[in-house]
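# Understanding the architecture of this molecule
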Amino acid sequence: MKTPENIAYTARAEITGGRDGHGATDDKAVDVTLRTPKEQGGPGGGTNPEQLFAVGYGACFQSALGLAGKEMGVDTSESVVNSEVGIGKEGESFGLSVTLKVSVPNVDRDTAQKLVDRTHELCPYSKAVRGNIPVDVIAV
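Residues numbered from 1 in each chain as written. Predicted model: local features only at pLDDT ≥ 70, side-chain atom pairs only at ≥ 80, totals over all residues. Heavy atoms only, no water.

An unreviewed UniProt entry lists the protein under the name Ohr subfamily peroxiredoxin, with Brevibacterium celere as the source organism. As recorded by UniProt, the Sequence similarities (unreviewed entry) comment attached to the protein reads in full: "Belongs to the OsmC/Ohr family." (UniProt positions renumbered as here; feature names shortened; annotations may be inferred.)

### Some details on the pairing of strand β5 (residues 93-103)
Pairing of strand β4 (residues 80-90) with β5, which is carried by eleven bridges, proceeds in the antiparallel orientation. Paired with E84 across the bridge in β5 is T99. Joining the antiparallel neighbours β4 and β5 is a turn of two residues, in which G91 adopts a positive phi near 65°. Where β5 meets strand β6 (residues 135-139), five bridges bridge the pair, whose relative direction is parallel. Residue V102 lies in a different strand from β6, and its bridge partner there is A139. (Pairing = 2+ DSSP bridges. Helix = DSSP H or I, 4+ residues; strand = E, 2+ residues; numbered from the N terminus.)

### Section: the environment of T36
Turning to its location among the elements, T36 is positioned in the loop between β3 (31-33) and α1 (49-72). You can call T36 buried: its relative accessible area is 12%. For the pair T36 and P49, spaced 13 residues apart in the sequence, the C-alpha separation amounts to 8.8 Å. Not counting residues up to four positions away in its chain, the partners in contact with T36 are R19, D20, G42, P43 and G44. (Buried < 20%, exposed > 50% of the residue type's maximum accessible area, 1.4 Å probe, protein only. Contact = heavy atoms within 4.5 Å.)

### Thoughts on the packing of aromatic side chains
Under the criterion given, the structure shown has four aromatic pairs. Every member of this aromatic cluster is reached through a ring pair, and the members are F53, Y57, F61 and Y125. Above the ring of F94, the side-chain terminus of K89 is found at 5.2 Å from the ring centroid. (Phe/Tyr/Trp six-rings, centres within 6.5 Å; stacked < 30°, edge-to-face > 60°. Lys NZ or Arg CZ within 6 Å of the ring centre and 35° of its normal.)

### A short note on the sheet that holds β5
One open sheet accounts for three strands, arranged β4-β5-β6; its pairing is mixed. Only two strands of the sheet have a single neighbouring strand rather than two, namely β4 and β6. Looking at each pair of strands side by side, their axes are set apart by 15° on average, direction ignored. Most of the contacts of α1 go to β4, to which it runs at about 140°, and overall it touches β4, β5 and β6. (Axes fitted to C-alpha atoms, helices over the stretch in contact; angles between N-to-C directions.)

### Concerning the domain arrangement of the protein
Considered domain by domain, the protein is made up of domain 1 (1-47) and domain 2 (49-139). With six residues of domain 1 in contact, the opposing surface of domain 2 contributes six residues. When domain 1 packs against domain 2, close to 500 Å² is buried across both sides, 53% of that on carbon and sulfur atoms. By the criterion of area lost to domain 2, the three top residues of domain 1 are R19, Q40 and T47, representing 77% of everything that side buries. Here E50 makes a salt bridge to R19, at a shortest N to O gap of 2.5 Å. Taken together, the links from domain 1 to domain 2 amount to two residue pairs in polar contact (both at pLDDT 80 or more). Class assignment for the residues of the side of domain 1 that touches domain 2 results in two nonpolar, three polar and one charged. (Domains from an automatic or database assignment. Buried area = accessible area lost by both parts, 1.4 Å probe. Salt bridge = Lys/Arg side-chain N within 4 Å of Asp/Glu carboxyl O. Polar contact = N/O pair within 3.5 Å; in protein donor to acceptor, adjacent residues only side chain to side chain. Nonpolar A, V, L, I, M, F, W, Y, C, P; charged D, E, K, R; others polar.)

Laid out in structure tokens, this is it:
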């Protein structure tokens, strides 16, 4: 893997206590109590890494959707990305899966699917996970 040529921004965060702890960015823009979800046997009552990943991936994907839209001549300004991040047993550990459901109003479904497929090629999060976890990108 190659490091990007020009790192324009670096996010920094400190986490203590893992899934049942605390996480905050150095500028305190994100400052969260972390709790394992009840569905995984935890107490709930806080956020978890999968929720944070779902928000981050969805936001990054929607930004990349704008790039793909410009490239293809499609207006994506009214688009909506719904992201789902699942976690489950994978051998002795756990694994993730992602589903991104993308709505692009006033665009036929075939064009929208081509658009989200192209976005999946451009998105930094998609590049980061490609070949590591299953990701479904679906125009709805």
